[in-house]
Amino acid sequence: MAMASPCLHTCTVQQPRATLSRIHFLVHFSAILGLLYYRIKHLFQGDVSIVSWSLITIAELIFTFIWLVTQSFRWRPVARSVMPENLPVDTELPGIDVFICTADPIKEPVFEVMNTVLSAMSLDYPPEKLAVYLSDDGGAAVTLYAIKEACGFAMVWVPFCRKYGIKTICPDAFFASFGDDERLMRGNEFKNEEENIKAAYEVFKKNIEKASSVEGSVRMDRPPNIEVIYDNMKNEGGEHKQSKLPLLVYMSRERRPSSPHRFKAGALNALLRVSGVMSNAPYMLVLDCDMYCNDPSSAKQAMCFHLDQNISTSLSYVQFPQTFYNVSKNDIYDAQSRSAYKNKYQGMDGVGGTVCAGTGYYLKKEALYGSPINQDNMTPLFLKAQSEYKWESLLYQSEELLQEAEEKFGASRKFINSVNSLNDQRNGKEILCDEIIDEAKTLASCTFEENTSWGKEIGYSYNSLLESSYTGYLLHSKGWKSVYLYPKRPCFLGCSTIDMKDALVQLMKWASGLVQVGLSKYSPLTYGVMSRMPLVQNMCYAYFMFSHFLSIPCFLYGIVPPLCFLSGTPVFPKVTSPWFALFTTIFLSSLAEHLYEVLSSGGNLRTWWNEQRIWIIKTVTACLFGCLDVLMKWLGVAKANFRLTNKAIDEEKLRKYEKGKFDFQGAKLFMVPLTFLVVFNVVCFIFGMRRLASERNFEEMFGQGFLSFYVLVLSYPILEGLVSKKAK
């Protein structure tokens, strides 16, 4: 009898949370049906203001649809844990390629990017099975110089981390307050080495900052450039085990004004091809340039899922949460995205897999080349490693097969062979000679993808600027699964936005990309329903793609009830009517549901109130502009444009953020609809109260009056920020 494989991970359904959510669903949905009945009944009877009631009914129907798809996250939330101690020995672990993308040395400071590179090189994983690739879409000379300097510092930093079991493997974090716990109970030897390394780090930092002030320009017209910064095969013989470094490669793909650039998706596809002929690991880790590794065990944690034979055949990626080190206690912009990473992602994980967040995920490369269920359509283009034939011998037997493979993957026999041997661990690495470097440059050229399936059937899709989220959606549609792991110690830490402008620009980019997919032929309402994706998981995707349309009902609710309050037209039942209790139930039920989720995920009342406030702000600004952006693209007024979020820290903005003060600087355009709604509500509330005092129709107008008052309470910090801005 064969011995059972050791357990690598556990999955626990959060049953109390799921049960409470289902009970709440029955109560809340019953109340919503009663509300809609009340609206439609009075509209057909004609005893109300047709225009105002019709607009309010449309708003409430949209609210209902979004609320219904939101319930899919609450259906089966799960929590996972891992047991990396049960993994195979290091020599049996598969290879991992780490992909880090940067595009602008000004908006994405080079020094921070190098800290991310150094943290990736310090992962607790066999260095001969680890490769780190930096894609520089800016082609800046300072980035190439900086990665060479980083490699030099890594020769002392990585062995230091391994020798003392350092967990804070990002040097900038380690030498700051984040590394204080690492220094407890250490001897003199550690302290002496730390001082020497810190001195080397200061020299490294000074050199990069000096170079950044001189050579920080982006080159928009350039040939491809591939440089092997450190080849661990060349240095394999003379290194001590602790001194070994992973392969380190710099890539700046070709960029020409006349050729489509494809933004980050193009960079990731180029990295797929370049890594295929250099290290060809079966798995890859994707990191944003400002999202550094905070736990060296993340790779082994991910392998606990990828190496489990019960789920590995259909598992595409393991997603970790995005966690930010600069989030204040107040968190007025909801930078931590608590609702997503502590509620929605766990809920989506329980019904087939969570959305791909774009960073902090370990992906099986095979998933980008075909379907997990019907792998016949991958062969003979994607042969299994267990095949008794080698790719080359098969190609020589059939010119037709070679042509078919080149039409799909491109005219590179070496890359096609790497796809064939992707899962074959018997193939050892070779020293990266000039021939391989030249092949890699060809794979990173503008013309290589012409007339191939890149960005369509294989690799990251070019149909959306949200390349990872959209590609993850397509993977789930093909039948692939994913898992979400939320460990106690954050495996990855990044820098969040700390002002209103950057927060809204980022959300607008997401809203535009998701809405564009939702309205395309790949919509969850059509393509998703007919795919291999479970229905409940498809509803989760529908939420992400259509929730931005909440800007419409929020705008209607911000105009119609206050205007009716001003004119004395009732749109809600009298306080004494039984129907008013129904409206009150829905309002309080929604607040209670949100409060429960906040408190159960470690938040407090302040978190709950901040989320209520920023949700309204973002919905009527960034979400609205995201929808308008899609409309303008559809009309041909605007074209697709990648908006790079500014990662550089402004000290004045940071001080305002830590004090809990909204910073509207640079967000004038975004503030137009919000300012209008706030001022409009103020005017309607003041004059509406005068009318209420004179006519004394308190029972009829209480609903509108309370709603306007609630909006004003939510808007107080916005009014404060706008007034202080005017004063300046």
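Our subject is the structure listed above.
Residues numbered from 1 in each chain as written. Predicted model: local features only at pLDDT ≥ 70, side-chain atom pairs only at ≥ 80, totals over all residues. Heavy atoms only, no water.

I keep staring at unusual backbone geometry and nothing clicks. Help me out?
Backbone geometry follows two general trends: most residues other than glycine have a negative phi, and most peptide bonds adopt the trans configuration. Here M185, not a glycine, exhibits a phi torsion of approximately 55°, which is positive. You can see M185 is positioned in the loop between α5 (171-174) and α6 (188-212). With relative accessibility at 86%, the residue M185 sits in the exposed group. Non-glycine residue R262 carries a positive phi angle of around 65°. By the secondary structure assignment, R262 is in the loop between β6 (247-252) and α7 (263-278). You can call R262 partly exposed: its relative accessible area is 38%. (Helix = DSSP H or I, 4+ residues; strand = E, 2+ residues; numbered from the N terminus. Buried < 20%, exposed > 50% of the residue type's maximum accessible area, 1.4 Å probe, protein only.)

Before we go on, may I ask you to explain the nonpolar core in this structure?
Burial of nonpolar side chains together is a common tendency in soluble globular proteins. Ranked by size, the top nonpolar core spans 71 residues in total, and within it Y133, I226, V274, M278, Y369 and Y460 carry the most contacts. At nine residues, α7 tops the list of elements feeding residues into this core. The contacts of M278, once residues within four sequence positions are left out, are Y133, I226, V228, V249, L432, I436, I437 and A440. Core analysis: the second largest hydrophobic core is formed by 68 residues, F111, M114, A140 and M291 among them. (Core = buried A, V, L, I, M, F, W, Y, C linked by side-chain atoms within 4.5 Å. Contact = heavy atoms within 4.5 Å.)

How should I be thinking about the packing of aromatic side chains in this particular structure?
Here a ring pair, both rings aromatic, is described through the centre-centre distance and the interplanar angle of the planes. Under the definition given, this model contains 63 aromatic pairs. Ring pairs connect the aromatic residues F111, F153, W157, F160, Y164, F174, F175, F190, Y201 and F204, which therefore count as one cluster. The aromatic ring of W53 is capped on one face by R39, whose charged end is 4.7 Å from the ring centroid. (Phe/Tyr/Trp six-rings, centres within 6.5 Å; stacked < 30°, edge-to-face > 60°. Lys NZ or Arg CZ within 6 Å of the ring centre and 35° of its normal.)

In this structure, what is going on with the sheet that holds strand β8 (residues 292-293)? I would like to understand it.
Within a sheet, adjacent strands bond to each other through the backbone by hydrogen bonds, running parallel or antiparallel. Pairing in this open sheet of three strands is mixed, and the strands run β8-β13-β10 from one edge to the other. Two strands in the sheet have a free side with no partner beyond their single neighbour: β8 and β10 (323-324). Where β10 meets strand β13 (residues 492-494), two bridges bridge the pair, whose relative direction is parallel. Opposite T323, over in β13, you have L493 as the bridge partner. (Pairing = 2+ DSSP bridges.)

I keep staring at the packing of helix α2 (residues 50-70) against helix α18 (residues 551-567) and nothing clicks. Help me out?
A pair of packed helices can be characterised by two numbers: the angle between their axes and the separation between those axes. Contact geometry for α2 and α18: axes closest at 9 Å, N-to-C directions at 150°. In terms of axis orientation, α2 runs roughly antiparallel to α18. The chirality of how α2 crosses α18 is left-handed. Of α18, the residues touching α2 (which contributes S52, L55, I56, A59, E60, I62 and F63) are I552, P553, C554, L556, Y557, V560, P561 and C564. Of the residues that constitute the contact of α2 with α18, the class distribution is 13 nonpolar, one polar and one charged. (Axes fitted to C-alpha atoms, helices over the stretch in contact; angles between N-to-C directions. Parallel < 35°, antiparallel > 145°, perpendicular 65-115°, else oblique. Left-handed = near helix turned anticlockwise from the far one by under 90°. Nonpolar A, V, L, I, M, F, W, Y, C, P; charged D, E, K, R; others polar.)

Please explain the side chain of S461 as it appears in this structure.
Along the chain, S461 falls in the loop between α13 (434-443) and α14 (467-478). What makes S461 buried here is its relative accessible area of 3%. Polar side-chain contacts of S461 include one of 3.2 Å to the backbone nitrogen of N463. Leave out the neighbours within four places in its chain, and S461 touches A265, G455, E467, Y470, T471 and L474. (Polar contact = N/O pair within 3.5 Å; in protein donor to acceptor, adjacent residues only side chain to side chain.)

How do you make sense of the pattern of salt bridges when you look at a structure like this?
Once their charged atoms are close, side chains differing in charge can pair, the charge on each being opposite to the other. With the rule as written, the count across this model stands at 20 salt bridges. A salt bridge links K163 to E189; the shortest N-O distance between them is 2.8 Å. Pair noted here: K163 is in helix α4 (residues 141-164) and E189 is in helix α6, with a separation of 26 residues, a long-range link. Put simply, D288 and K264 hold a salt bridge, and the shortest N to O gap is 2.8 Å. On the criterion of sequence distance, the pair formed by D288 in strand β7 (residues 283-288) and K264 in helix α7 is long-range, its members being 24 residues apart. (Salt bridge = Lys/Arg side-chain N within 4 Å of Asp/Glu carboxyl O.)

Would you explain the sheet that holds strand β3 (residues 96-102) in this entry?
An order of β5-β6-β4-β3-β7-β11-β9-β12 is seen for the eight strands of this open sheet, with the pairing classed as mixed. A single partner strand is all that each edge strand has here, and the edge strands are β5 (225-230) and β12 (481-484). Along the sheet, successive strands turn relative to each other by an average axial angle of 20°, direction set aside. Both β5 and β6 contribute to a ladder of five bridges, which runs antiparallel. The residue bridging I226 from the neighbouring strand is M251, located in β6.

These values are about where atoms sit, not about what they do.
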